[in-house]
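So you can see what is in the structure, the chains are spelled out below.
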Amino acid sequence: MSNNPAENQPLLENEQDIQEPKLYKVIMHNDNVTTMDFVVQILVDVFHKSVEDASEIMMKIHTQGKEICGIYPREIAEFRIFRVLHLAKNAHFPLLCTMEEV
């Protein structure tokens, strides 16, 4: 234990000093080129969805034009989008993935 009273003070005066990070929806968009199997694989590999959940999300993307793949803090959302776009480019697919603030 320190004899310095400043070291024994809490780091935050009250809970109002704590701010939750802003969250972002990661949205995958439909196109006429990217295969359904590729979209399911992306949802499993990048978004850690089960094959069943990935298939359901893929069908919503296909029928509704877009669907939320997950909700994350900004840095995680950006990283997942980067991974999707990188994998799609390497597979020669024009898959589009965007994010919107919740």
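Given the structure is predicted, the values throughout are model-derived calculations rather than measurements.

This part is about the overall build of the protein. In terms of helices and strands, the protein carries 3 helices and 3 strands. For the protein, the N- to C-terminal ordering of α and β elements is β-α-α-β-α-β. For the protein, buried positions account for 29% of its 102 residues. For the protein, long-range pairs separated by at least 24 residues make up 70% of all intrachain contacts whose partners lie at least 6 apart in sequence. Of the roughly 7300 Å² of accessible surface on the protein, a fraction of 53% belongs to carbon and sulfur atoms.

Spatially, β2-β1-β3 is the arrangement adopted by the 3 strands of the open sheet, whose pairing is antiparallel. Single-partner strands in this sheet number two, and they are β2 (66-73) and β3 (96-101). Ignoring which end each strand starts from, the neighbouring axes of this sheet average 25° apart. Contacts from helix α2 (residues 51-64) reach β1 (23-29) and β2 within the one sheet, and its direction differs from that of β2 by about 125°. Where helix α3 (residues 74-90) meets the sheet, it contacts β1, β2 and β3, and its direction lies at approximately 170° from that of β3.

A word on the pattern of salt bridges. In total, this model carries 2 salt bridges according to the counting rule given. Among the ionic pairs, Glu100 bridges to Lys25, the shortest N-O distance being 3.7 Å. One end of the pair, Glu100, is in strand β3; the other, Lys25, is in strand β1, with 75 residues separating them in the sequence. Taking relative accessible area as the criterion, Glu100 reaches 35% and is therefore assigned partly exposed. The salt bridge involving Glu78 is made with Arg74; its shortest N-O contact spans 3.0 Å. Highlighted residues: Glu78 and Arg74, both in helix α3, separated by 4 residues, approximately one helical turn. We classify Glu78 as partly exposed; its relative accessible area is 37%.

For the coordinates displayed, the defined rule picks out 0 disulfides. Take Cys69: it sits in no disulfide, and the sulfur closest to it among the cysteines is that of Cys97, at 5.4 Å. Take Cys69: its relative accessible area is 1%, and that puts it in the buried class. Owing to a relative accessible area of 4%, Cys97 belongs among the buried residues under this scheme.

Rules used in this analysis
Residues numbered from 1 in each chain as written. Predicted model: local features only at pLDDT ≥ 70, side-chain atom pairs only at ≥ 80, totals over all residues. Heavy atoms only, no water. Helix = DSSP H or I, 4+ residues; strand = E, 2+ residues; numbered from the N terminus. Buried < 20%, exposed > 50% of the residue type's maximum accessible area, 1.4 Å probe, protein only. Contact = heavy atoms within 4.5 Å. Areas by Shrake-Rupley, 256 points an atom, 1.4 Å probe, with all protein chains shown as cover. Pairing = 2+ DSSP bridges. Axes fitted to C-alpha atoms, helices over the stretch in contact; angles between N-to-C directions. Salt bridge = Lys/Arg side-chain N within 4 Å of Asp/Glu carboxyl O. Disulfide = S-S within 2.5 Å.

Purely geometric stuff here, so don't read any function into it on its own.
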